[in-house]
Structure formats: structure tokens, C-alpha cells
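Each chain is listed here by its residues.
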Amino acid sequence: MGWQAYTPARGGLRHWLQASGSLSARLAARGETFGVQVLAQGRQPLTPDESRALGLGGRRMGYAREVVLRVDGQALVFGRSVTAHAASVGAWRSVRGLGGRPLANVLFRRLDILRAPLAFNRLQRQSPLQRHVARSWLAATGVALGHQALPARRSVFTRHGAALLVMEVFAAPASCWRWPQANPRKRFD
């Protein structure tokens, strides 16, 4: 299964996957503390799929940032954002200086950024992407994801003609994804 315009997920997880706006802000509203654990950041080869999503030809070098999003210390989401290396020193240079701050601080606070519709996937067991996420998750959290398919979403953001691909993998157990009845508008910085 590749990236699709709909998600087969059900229940609360479906609501989380389809929610518009900042996932970081929604997660921050769930608890007392929201944190971004940076796993990797810098120049990396892009996968052919990432290159296509960014509108680049073939396998290219890019700039990638991988994180785990946590609420009250619990790891919930693996995130990977990638852009062409040239864009990381141009239109998307602000991504380089985020440190432990959420990418949402850039994406949802500027009026000149456009977002394409969300695409959804279940990262299949033993696919290269699922294996990469599982290895990264284990190293960051000490928790093995095993060989389960992982629900994910992604979207392309465009600024000054340069694309940034953001993928979010909902790696925490399904029991963590209960949709809140009332979503408080708690801000974070």
C-alpha cells in the first residue's frame, strides 16, 4: 500500500490522523508537558519516494530532521521532515535552527507557507521505511515496535517555491489515540 488520500484507520486514531493544523499543538493540549526529542538532523540521502514527493528527480541529497514527539514523557509520534539541501539554506533555513522546538513553530505561524492535502499510509511490516522507524524508535525510547504495520500521514509544505515533506508516524499503541471530547486550545512555545 502506498500513500493515499484516505486512511483506513478507525476510531480515535482516524481522528488524529485526519486532524488539520498542528499535530504538535494538539498533542501539547493533551498533557502538562510537550517535548521534541531530536534523533537526527543534517544532510542525508532522500529516498526515491521522498524525492518524487518533493518534485525532485531520482535519488538526491537532502536535509532531514527526525524527531520523537512526547507528551508527559511518553513517546507518541515519530516525525521525519525532508527538503532539498539547497532549500535548507534558502526558503527552509529556519528548520536548521529549531533544536528541540517543534516544526509547527515554523509551519503554522507564517502566512507564506502553503500545505498540500494530507496523504495516509500504513507502513507495512518489514518495509525499509517501517524498519527505519522501528530502529529509530527503539534507539530513542527503548521500546521495540516489532514488525507491526504503522499508521502514518504526510504532507508537503511549500514556501517560496521550495517543498518540505513532513511525515508523522503514530507509533504509540492504539490505546493512546483516544480522541478528546473537548479539545482545549492550549498554546505551546
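Residues numbered from 1 in each chain as written. Predicted model: local features only at pLDDT ≥ 70, side-chain atom pairs only at ≥ 80, totals over all residues. Heavy atoms only, no water.

Structural notes on the packing of aromatic side chains
Aromatic ring pairs are reported here in terms of the distance separating the ring centres and the angle at which the planes meet.
Alright, step 1. For the structure on display, the rule yields four aromatic pairs.
Alright, step 2. An angle of 75° between the planes, with centres 5.3 Å apart, marks the rings of W16 and W179 as edge-to-face. In this pair, W16 is assigned in helix α1 (residues 11-18) and W179 in the segment after β7 (162-169), connecting sequence segments 163 residues apart.
Alright, step 3. Judged by its relative accessible area of 1%, W16 is buried.
Alright, step 4. Each ring, one from F170 and one from W177, has its centre 4.9 Å from the other, and the planes form 65°; the classification is edge-to-face. As far as the burial class goes, F170 and W177 line up, both buried.
Alright, step 5. Cluster of aromatic residues (ring-pair linked, three or more members): W16, F170, W177 and W179. (Phe/Tyr/Trp six-rings, centres within 6.5 Å; stacked < 30°, edge-to-face > 60°. Helix = DSSP H or I, 4+ residues; strand = E, 2+ residues; numbered from the N terminus. Buried < 20%, exposed > 50% of the residue type's maximum accessible area, 1.4 Å probe, protein only.)

What about the pattern of salt bridges?
When the charged atoms of two side chains lie near each other, side chains of opposite charge can form a pair.
Alright, step 1. Within the structure shown, the criterion is met by six salt bridges.
Alright, step 2. For the salt bridge of E66 with R80, the shortest nitrogen-to-oxygen distance reads 2.5 Å. Remark: R80 occurs in strand β3 (residues 74-84) and E66 occurs in strand β2 (residues 61-71); sequence separation between them is 14 residues. Accessibility assignment for this pair places E66 and R80 in one class, buried. (Salt bridge = Lys/Arg side-chain N within 4 Å of Asp/Glu carboxyl O.)

Thoughts on the nonpolar core
Alright, step 1. Grouped together as the largest cluster of nonpolar side chains are 18 residues, with contacts concentrated most on L23, L27, L69, L76, V77, F170 and W177.
Alright, step 2. Those elements giving two or more residues to this core turn out to be α1, α2 (23-28), β2 and β3.
Alright, step 3. In contact with L27, not counting residues within four places along its chain, are W16, F34, L69, V71, L76, V77 and W177.
Alright, step 4. Formed by 15 residues, the second largest nonpolar core is a distinct cluster that contains A84, A91, V95 and I113. (Core = buried A, V, L, I, M, F, W, Y, C linked by side-chain atoms within 4.5 Å. Contact = heavy atoms within 4.5 Å.)

Side note on helix α6 (residues 128-141)
Alright, step 1. For α6, with 14 residues, the first-to-last C-alpha span of 20 Å sits near the 20 Å given by 1.5 Å per residue.
Alright, step 2. Of the positions making up α6, those classed as buried are Q130, V133, A134, S136, W137 and A140. (Expected span 1.5 Å × (residues − 1).)

Examining the environment of A172
Alright, step 1. Summarising the element assignment, A172 is placed in the segment after β7.
Alright, step 2. Excluding its chain neighbours within four sequence positions, the residues that come into contact with A172 are A75, L76, W137 and W177.

A few points about unusual backbone geometry
Alright, step 1. We note that D72 has phi near 50°; this positive angle belongs to a residue other than glycine.
Alright, step 2. When you line up the elements, D72 lands in the loop between β2 and β3.
Alright, step 3. Take D72: its relative accessible area is 45%, and that puts it in the partly exposed class.
Alright, step 4. One non-glycine residue, Q126, lies in the positive phi region at around 65°.
Alright, step 5. Examined against the element boundaries, Q126 turns out to sit in the loop between β5 (119-123) and α6.

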